[in-house]
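Now for the letters of each chain:
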Amino acid sequence: MEAESKQISGGKEKMAMGTAMSAVAVGVVISVVALVASTAVASGGWQIADATFYGDMSGRATMGGDCGYSDLFAQGYGLANTAVSGVLFNNYETCGACYEVRCFNDTRRCRPGSSIMVTVTSLCPPDPKLPGGGLCQPPRKHFDMSEAMYTRIATTPYAGSIPIQFRRVACVKDGGIKFQIKGNPWWILVLVYNVGGSGDVASVAVRGSSGSGAWTPMEREWGQNWQITKTPELMGQALSFQVTTGDGRVVQSEDVAPAHWQFGQIFEGGQF
């Protein structure tokens, strides 16, 4: 197993390869802290909801969103994204979670035997202009996805709100967890994305290379943007990040951002 860290800046990627080891990778420590958790992946049965789409086949309307991912194409989510109603969104806690979705129980509107994998990237809010708040009014479970995904399970883009079944599945990602560092010397904001396993992020902590060795918890600012204030002491230090997902698993990416890191850069750490 090899220790590996990647720095991506200005569209160019730089990779530093560590020494090969037989059992563990230096700089990436993975520990399972819970075998069973409240958001277990792919362990439950199918649930029932309904689904629509917004935008067009380009998926441009679905970029950005309440999870803070911004350019979903650049970040690897692409068109396989969805907004979900508040009961599923759970105040940002489901951002990054992956679901298998299939149309069912409607031979006229459903493509037989078809299913899709989508990642939660935004919230579908209630619409006060519609009776009862519309399709995303709690406690309704609803998926509002890109047209490209919708038309893979529906027979026509004019099918309207279609009946679906959905279940939580593991997220499979290429490469490691990505950390985009933003902010200023007194406030650091880190976007965490490309998370495998359960996909969601329950907590993030940071540690500087010159500190006491203790992890400092970060706060969820919004979506998967995590912040820490009063940070001048972290400037000029290599940064390590500890990511805990909703199923209790932990990945530590040691010194993933080197001491010369700059705001706006993206770094790649370990993976679940």
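Residues numbered from 1 in each chain as written. Predicted model: local features only at pLDDT ≥ 70, side-chain atom pairs only at ≥ 80, totals over all residues. Heavy atoms only, no water.

Asker: Looking at this structure, I do not really get the overall build of the chain. What am I missing?
Answerer: When you go through the chain residue by residue, the secondary structure sums to two helices and 18 strands. Taking all 272 residues of the chain together, the buried fraction comes to 50%. Look at the contacts in the chain between residues 6 or more apart in sequence, and 69% of them connect residues 24 or more apart. As presented, the chain carries roughly 12,700 Å² of accessible surface, and 54% of it is formed by carbon and sulfur atoms. (Helix = DSSP H or I, 4+ residues; strand = E, 2+ residues; numbered from the N terminus. Buried < 20%, exposed > 50% of the residue type's maximum accessible area, 1.4 Å probe, protein only. Contact = heavy atoms within 4.5 Å. Areas by Shrake-Rupley, 256 points an atom, 1.4 Å probe, with all protein chains shown as cover.)

Asker: Help me understand the sheet that holds strand β7 (residues 116-124) in this model?
Answerer: As a general point, the strands of a sheet are linked pairwise by backbone hydrogen bonds and lie either parallel or antiparallel. Sheet architecture is closed into a barrel: six strands sit in the order β4-β8-β5-β7-β6-β9, paired in mixed fashion. Taken pair by pair, the neighbouring strands of this sheet meet at an average axis angle of 45 degrees, ignoring direction. (Pairing = 2+ DSSP bridges. Axes fitted to C-alpha atoms, helices over the stretch in contact; angles between N-to-C directions.)

Asker: Is there a simple way to think about the state of the cysteines in this case?
Answerer: Put plainly, two cysteines are in a disulfide when a covalent bond ties their sulfur atoms together. Applying the stated rule across the entire model yields four disulfides. The partner cysteine of Cys103 in its disulfide is Cys110, sulfur to sulfur 1.9 Å. Where Cys103 bonds to Cys110 through sulfur, the torsion about that S-S bond is close to -55 degrees, and the disulfide is left-handed. Residue Cys103 is classed as buried on the basis of its relative accessible area of 8%. The class of Cys110 is buried, set by a relative accessible area of 8%. Each sulfur in the disulfide pair Cys124 and Cys136 lies 1.9 Å from the other. The sign of the 85 degrees torsion about the S-S bond sets the Cys124-Cys136 disulfide as right-handed. Here Cys136 lies in the loop between β7 and β8 (142-146) and Cys124 lies in strand β7, a separation of twelve residues in the sequence. Taken individually, Cys124 and Cys136 each receive the classification buried, so the pair is uniform in this respect. For the chain, the disulfide bridges join cysteines in the arrangement 1-2, 3-8, 4-5, 6-7, where the cysteines are counted in sequence order. (Disulfide = S-S within 2.5 Å.)

So far we have only geometry, and geometry alone does not tell us how the molecule works.
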